[in-house]
Amino acid sequence: AGSYKVAGVVSTNPAYLMNSEVEGVAVALRGRVPCKVIGNVNKGDVLIASYTPGYAMVGAMAHNLSPLQIVGRALESKTDAQPGIIEIIV
């Protein structure tokens, strides 16, 4: 959780795809994207990597986080602890 090794969020519908001839997944560098999250999330929360690979979670003490740990910011809320998908801004 809170890893510095996160490269970003996989983009499901990129508006612009850099290096499109290269094989691999599209990673969102900027914009609104769906993101898999675990736990309760409130709109505006800062999201970081979670203990579960491929999922983000709320960064509890956002003022103590390094910018390298931040995945994005929640654009909507999720009120249950189960895994789900919300829209975030990267």
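In the block above lies the structure referred to throughout.
In this report, the structure presented in the accompanying data block is examined. (Residues numbered from 1 in each chain as written. Predicted model: local features only at pLDDT ≥ 70, side-chain atom pairs only at ≥ 80, totals over all residues. Heavy atoms only, no water.)

Quick look at the pattern of salt bridges
Scanning all chains against the criterion turns up two salt bridges. A salt bridge links Glu87 to Arg32; its shortest N-O distance comes to 2.9 Å. Of this pair, Glu87 sits in strand E7 (residues 84-89) while Arg32 sits in strand E3 (residues 32-37), and the two are 55 residues apart along the sequence. A relative accessible area of 29% means that Glu87 is categorised as partly exposed. Judged by its relative accessible area of 57%, Arg32 is exposed. A salt bridge links Lys78 to Asp80; its shortest N-O distance comes to 3.2 Å. What makes Lys78 buried here is its relative accessible area of 10%. (Salt bridge = Lys/Arg side-chain N within 4 Å of Asp/Glu carboxyl O. Helix = DSSP H or I, 4+ residues; strand = E, 2+ residues; numbered from the N terminus. Buried < 20%, exposed > 50% of the residue type's maximum accessible area, 1.4 Å probe, protein only.)

Considerations on the layout of surface pockets
Size it by volume and the largest pocket reaches roughly 510 Å³. Lining the largest pocket are 23 residues, and of these Pro14, Tyr16, Leu17, Ala26 and Val27 sit closest to its centre. Where the lining of the largest pocket is concerned, the elements lending two or more residues are strand E2 (27-28) and E3. No other element matches E3, which puts three residues into the lining of the largest pocket. The residue inventory of the lining of the largest pocket, partitioned by class, reads 13 nonpolar, seven polar and three charged. Approximately 390 Å³ is the volume attributed to the second largest pocket. Along its surface, the second largest pocket is lined by 21 residues, and Gly8, Pro53, Gly54, Tyr55 and Ala56 are the ones closest to its centre. (1 Å grid on protein atoms, 1.4 Å probe; cavity = no way out; pocket = protein on both sides within 12 Å on 5 of 7 lines; lining within 4 Å. Points joined across faces, edges and corners; volume = space filled by probe spheres on them. Nonpolar A, V, L, I, M, F, W, Y, C, P; charged D, E, K, R; others polar.)

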